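As a plain string of letters, each chain reads:
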Amino acid sequence: MWGRDHGPLLRYDSPPMYVLGIETSCDETGVALYSTESGLVADVLHSQVDLHAMYGGVVPEIASRDHIRCLLPLIGQVLQQAGIERPDAIAYTAGPGLVGALMVGSGMANGLGLAWGCPVIPVHHMEGHLLAPMLEDDAPEYPFLALLVSGGHTMLIAVRGLGDYDVLGTTLDDAVGEAFDKSAKLLGLGYPGGPALAALAETGNENAFDLPRPMLNRPGFDFSFSGLKTAVMLVVRKANDDGTIDSSRADIAASFQRAAVDTLVGRALQAAKSEDLKRIVVAGGVGANRLLRKEMVERFDGEVFYPRMAFCTDNGAMIAVAGALRIADANDAAEIRAQARWSLDTLSPPGTAQSDSNEE
Ligand code: KG4
Ligand code: ZN
């Protein structure tokens, strides 16, 4: 058995190895090197935010081209930082995400795998987010409830073991990160709006506007954020008409953030209680939200785990650690996988066959 003594999760059945992680599913090029013996060795990130900002959202073709431009230099940088010539295995995000962007990471991982004669490991992006807390010293033990909140997903998952996932609830329409981004856009905060809206909210009154907490009183664990987004749109429209928008922008941001966080925390607490889970992991880009982090810790009668802020949003480190844990799924570098859609509950434990039924 190898690995740091970080609880039962980080144990490896293979000899110590360096796993290179490559993340290119959207608008960040992330590369990291993870050692199954000593943990995270190097981690670099190139954000494309400036390239997409003028368009108000991610432009897929621009994303793919920039991944092509940046990926190889970033890999070189990571290997140089670590002082090694090549890794023992390469993990890459195989989906879900923008298919062109995924193809860049997948093609590079498989090309380098062939050149270096090392195995490659396709990783599910959301499993990467879910396992990001395993990079921390206080990694959670199984089982736990995962609240995965990003620009594309809002999910509650009962995680009973690695690859043993029961999706309890998901969003019926917009993801919560999308609701943050769209509300920020309505407030004129630009792209990407989530962090900007959260910063503005710190200066506002969260009780100024009574916005809906969608679905909280319905059975089940699904989410819906389009009604909240519409409510924000109506409040903004009225403030524009009244000429009060400048003085009420921070209050609207704070009221929206409070409604979104109440909804996420309320739903997570309901799910944890129903499944009798004593640990909650919050991961994904919206997991960087300070109010969400604070509220979950205050309101949950159990342990709450988060990745550090930098590993909430997309990064190569979470893909490297997920690859290290899934080393049993490594294949010879010949199969380039890039799946725009890939349901998390089709995954299975490492070393067992995985279903690609949602492949597109
Ligand atoms: O996980 P991520 O980096 O990319 C996806 O896989 O989607 O998540 C990005 C999302 C964006 O919607 C962004 O606005 C949101 O996470 N986000 C935040 C914060 N930081 C990032 N939302 C609220 N508060 C934040 N501090
Ligand atoms: Zn993500």
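What you are looking at is a predicted structure, and each value in this text was computed from that prediction instead of being measured.

Trainee: Looking at this structure, how should I read the site of ligand 1?
Mentor: The environment of ligand 1 is formed by 17 residues, the closest being Gly151, Asp181, Gly285, Asn289 and Asp314. Within the backbone of Gly194, an N or O atom sits 3.2 Å from an oxygen atom of ligand 1. Within the contact set of ligand 1, an oxygen atom lies 3.0 Å away from a backbone nitrogen or oxygen of Gly285. In isolation ligand 1 exposes 560 Å². Once the protein is present, 86% of that is buried. Taken atom by atom, the bulk of ligand 1 overlaps the largest pocket. Class assignment of the residues belonging to the shell around ligand 1 gives a composition of five nonpolar, 10 polar and two charged.

Trainee: I'm lost on the nonpolar core in this one. Help?
Mentor: Note that soluble globular proteins tend to have their nonpolar side chains buried in a common cluster. Counting residues in each nonpolar core, the largest one holds 63 residues, and the members touching the most others are Leu20, Ile75, Ile90, Leu130, Ile157 and Leu344. Here the element with the most residues in this core is helix H10 (residues 316-325); it accounts for eight residues. Beyond its immediate stretch of four places on either side in the chain, Leu20 contacts Val31, Ala32, Leu33, Ile75, Val78, Pro87, Ala89, Ile90, Ala91, Trp116 and Ala320.

Trainee: Can you help me understand the coordination of the zinc ion (ligand 2) in this one?
Mentor: Geometry reference: four tetrahedral donors at a metal, ideal angle 109.5 degrees. Six octahedral donors, ideal angles 90 or 180 degrees. Looking at the metal site, the zinc ion (ligand 2) is ligated by His125 (NE2), His129 (NE2) and Asp314 (OD), spaced 2.0 to 2.1 Å from it. Overall, the relative accessible area of 6% leaves His125 in the buried class. Classification of His129 as buried rests on a relative accessible area of 0%.

Trainee: Could you clarify how one ought to interpret the packing of aromatic side chains in this entry?
Mentor: Each aromatic ring pair is specified by the distance between its two centres and by the angle formed by the two planes. Scanning all chains against the criterion turns up three aromatic pairs. Where Tyr142 meets Phe144, the ring centres are 5.7 Å apart and the plane angle is 15°; that geometry is what we call stacked. For Tyr142, a relative accessible area of 21% translates into the label partly exposed. In this structure Phe144 comes out as buried when scored by relative accessible area, which is 0%.

About the cut-offs
Residues numbered from 1 in each chain as written. Chains lettered and ligands numbered in written order. Predicted model: local features only at pLDDT ≥ 70, side-chain atom pairs only at ≥ 80, totals over all residues. Heavy atoms only, no water. Near = heavy atom within 4 Å. Polar contact = N/O pair within 3.5 Å; in protein donor to acceptor, adjacent residues only side chain to side chain. Areas by Shrake-Rupley, 256 points an atom, 1.4 Å probe, with all protein chains shown as cover. 1 Å grid on protein atoms, 1.4 Å probe; cavity = no way out; pocket = protein on both sides within 12 Å on 5 of 7 lines; lining within 4 Å. Sits in = over half its atoms within 2 Å of the grid points. Nonpolar A, V, L, I, M, F, W, Y, C, P; charged D, E, K, R; others polar. Core = buried A, V, L, I, M, F, W, Y, C linked by side-chain atoms within 4.5 Å. Buried < 20%, exposed > 50% of the residue type's maximum accessible area, 1.4 Å probe, protein only. Helix = DSSP H or I, 4+ residues; strand = E, 2+ residues; numbered from the N terminus. Contact = heavy atoms within 4.5 Å. Donors = N, O, S within 2.8 Å, 3.2 Å for Na, K, Ca; no water. Phe/Tyr/Trp six-rings, centres within 6.5 Å; stacked < 30°, edge-to-face > 60°.

Any functional reading would require information beyond the geometric quantities listed.
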